[in-house]
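Residues per chain are reported as follows:
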Amino acid sequence: MSIFYSDQHSMQILIAEDDLDIATLYKKALERRSHNVTITSNGEDCLKMYLDALHHMTFGGSLPSSSISEIPATRLDPSLLSWSSVFRSVNTSAPYDIVILDYSIPSINGMDVAKEILAINSHQRVIFASAYVKETLEHSIKELKQVVELIQKPFSLNKLVDIIEDKEVYEDLKTLNIDIDLVKAANPTHEQILDLLERLKRIQKHRTF
């Protein structure tokens with residue numbers, strides 16, 4: 001049986017979704033469950049919001065506005081590398097319980113946002129919302145060197161709430177990442193991807209794809 005967050009556990013959730021109407025529906029559904037939801041409409045704003053929240057949690061206060069405006073779109077930039085090393089050295093928790101990323105958000109796509117966030121904080125729980133779960137899974141293995149949770153678009157609000165509040169899914173996924181060699185190889189075959197999709201389905205109880 002899955003272990004669900006109680007109504008008293010208010011989660012901090014960051015969502016990147018460029019369709020304002022859809023994002024508003026997500027926000028209302030999750031706030032009815034007493035969760036705190038932050039919405040961003042593109043990848044750049046999502047990354048800036050994440051870094052600001054992480055800085056606030058780690059040091060107190062927000063990042064200087066000059067630093068936020070200069071946050072780059074790639075971790076190869078030295079300024080982001082310097083922030084990443086600082087956050088990793090002093091903090092092991094995450095400013096949000098969950099980050100939900102639309103795979104095709106503008107400015108910086110969802111995969112690149114996930115790459116930046118997980119490089120800064122490997123403990124962060126990330127969920128991709130995508131219409132193409134197989135392709136997203138394959139890309140996540142190659143780019144992130146790990147498997148993240150997937151929810152296939154379109155999905156109902158009940159399914160969204162269900163997977164967010166089922167923390168057993170995330171725990172099982174961490175075990176799966178430890179067990180599978182193809183993630184380390186980062187070059188999965190078609191058959192391996194299909195096998196991994198089936199394993200993800202079992203973990204996520206066939207709720208999302």
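Here's what I pulled together on the structure shown here. Within each chain, residues carry numbers counting from 1 in the order of the written sequence. Thresholds applied to this predicted model are a pLDDT of at least 70 for local features of residues and 80 or more for the giving and counting of side-chain atom pairs; totals over whole chains, interfaces and linings are not thresholded and use all residues. In computing side-chain properties, one takes all heavy atoms of the structure into account and sets aside hydrogens as well as water.

## Overview of the packing of helix α1 (residues 20–31) against helix α7 (residues 157–165)
Part 1 of the reasoning: Interhelical geometry of α1 versus α7 gives an angle of 55 degrees and a closest axis separation of 10 Å. As judged from the angle between their axes, α1 and α7 are oblique. Here α1 and α7 pass one another in a crossing that is right-handed. Note on element contacts: α7 touches α1 through Leu157, Leu160, Val161 and Ile164, opposite Leu25, Tyr26, Ala29 and Leu30. Axis lines are fitted to C-alpha atoms, over the contacting stretch for helices. Their N-to-C directions set the angle, which ranges from 0 to 180 degrees. Numbering of helices and strands runs from the N terminus; a helix is a DSSP stretch of H or I covering at least four residues, while a strand is a stretch of E covering at least two. For classification purposes, angles smaller than 35 degrees are called roughly parallel, those larger than 145 roughly antiparallel, those between 65 and 115 roughly perpendicular, and all remaining angles oblique. For any pair of crossing helices, the crossing counts as left-handed if the nearer helix is rotated counterclockwise from the farther one by less than a right angle, and right-handed if it is rotated clockwise. Note on contacts: a residue pair is in contact if any heavy atoms of the two residues lie within 4.5 Å.

## A word on the packing of aromatic side chains
Part 1 of the reasoning: Only Phe, Tyr and Trp rings are paired, with Trp represented by its six-membered ring, and only when their centres lie within 6.5 Å; those with planes under 30 degrees apart are stacked, over 60 edge-to-face, the remainder tilted. Tallied over the full model, the rule gives three aromatic pairs.
Part 2 of the reasoning: Seen in terms of ring centroids, Tyr26 and Phe155 are 5.5 Å apart; in terms of plane orientation they differ by 20 degrees. Their pairing is stacked. Of this pair, Tyr26 sits in helix α1 while Phe155 sits in the loop between β5 (149–152) and α7, and the two are 129 residues apart along the sequence.
Part 3 of the reasoning: Buried residues are those whose accessible area, probed at 1.4 Å on protein chains only, stays under 20% of the maximum for their type, while exposed residues exceed 50% and partly exposed ones sit between those limits. Overall, the relative accessible area of 7% leaves Tyr26 in the buried class.

## Observations concerning the environment of Ile100
Part 1 of the reasoning: With respect to the helices and strands, the residue Ile100 is situated in strand β3 (residues 98–102).
Part 2 of the reasoning: Overall, the relative accessible area of 2% leaves Ile100 in the buried class.

## Some remarks on the packing of helix α8 (residues 167–179) against helix α10 (residues 190–203)
Part 1 of the reasoning: Running from N to C, α8 and α10 cross one another at 150 degrees; their axes reach a closest spacing of 10 Å. Taken together, the axes of α8 and α10 lie roughly antiparallel to each other. As for the relative orientation of α8 and α10, their crossing is right-handed in sense. In this structure, α8 uses Val169, Asp172, Leu173 and Leu176 to contact α10, whose residues at the interface are Leu196, Arg199, Leu200 and Ile203.
Part 2 of the reasoning: Across the contact of α8 with α10, the residue classes break down as six nonpolar, no polar and two charged. Side-chain classes follow a simple rule in which Ala, Val, Leu, Ile, Met, Phe, Trp, Tyr, Cys and Pro form the nonpolar group, Asp, Glu, Lys and Arg form the charged group, and the remainder, Gly included, forms the polar group.

## Things to note about the pairing of strand β4 (residues 126–130)
Look at any regular strand and the pattern is simple: side chains alternate between the two faces of the sheet.
Part 1 of the reasoning: Most of β4 is tucked away: five of the five residues are buried.
Part 2 of the reasoning: Burial along β4 is two-sided: the residues Val126, Phe128 and Ser130 and Ile127 and Ala129 are all buried.
Part 3 of the reasoning: Following DSSP output, two strands are said to pair if at least two bridges run between them. Here β3 runs beside β4; their pairing, made up of four bridges, is parallel. Directly across from Asp102, in β4, lies its bridge partner Ala129.
Part 4 of the reasoning: For crossovers, right-handed means that the path from the first strand over the helix to the second runs clockwise, given strands pointing away from the viewer. Crossover handedness for the path β3 to helix α5 (residues 110–120) to β4: right-handed.
Part 5 of the reasoning: Alignment of β4 against β5, held across four bridges, turns out to be parallel. Residue pairing in the sheet places Ile127 in a bridge with Glu149 of β5.
Part 6 of the reasoning: Running through helix α6 (residues 133–144), the crossover from β4 to the neighbouring parallel element β5 is right-handed.

## Brief notes about the sheet that holds β4
Hydrogen bonds between backbone atoms are what pair the strands of a sheet, whose relative direction is either parallel or antiparallel.
Part 1 of the reasoning: With respect to topology, five strands assemble into an open sheet ordered β2-β1-β3-β4-β5, the strand pairing being parallel. Only two strands of the sheet have a single neighbouring strand rather than two, namely β2 (36–40) and β5. Taken pair by pair, the neighbouring strands of this sheet meet at an average axis angle of 20 degrees, ignoring direction.
Part 2 of the reasoning: Pairing of strand β1 (residues 12–16) with β2, which is carried by five bridges, proceeds in the parallel orientation. Residue Gln12 lies in a different strand from β2, and its bridge partner there is Asn36.

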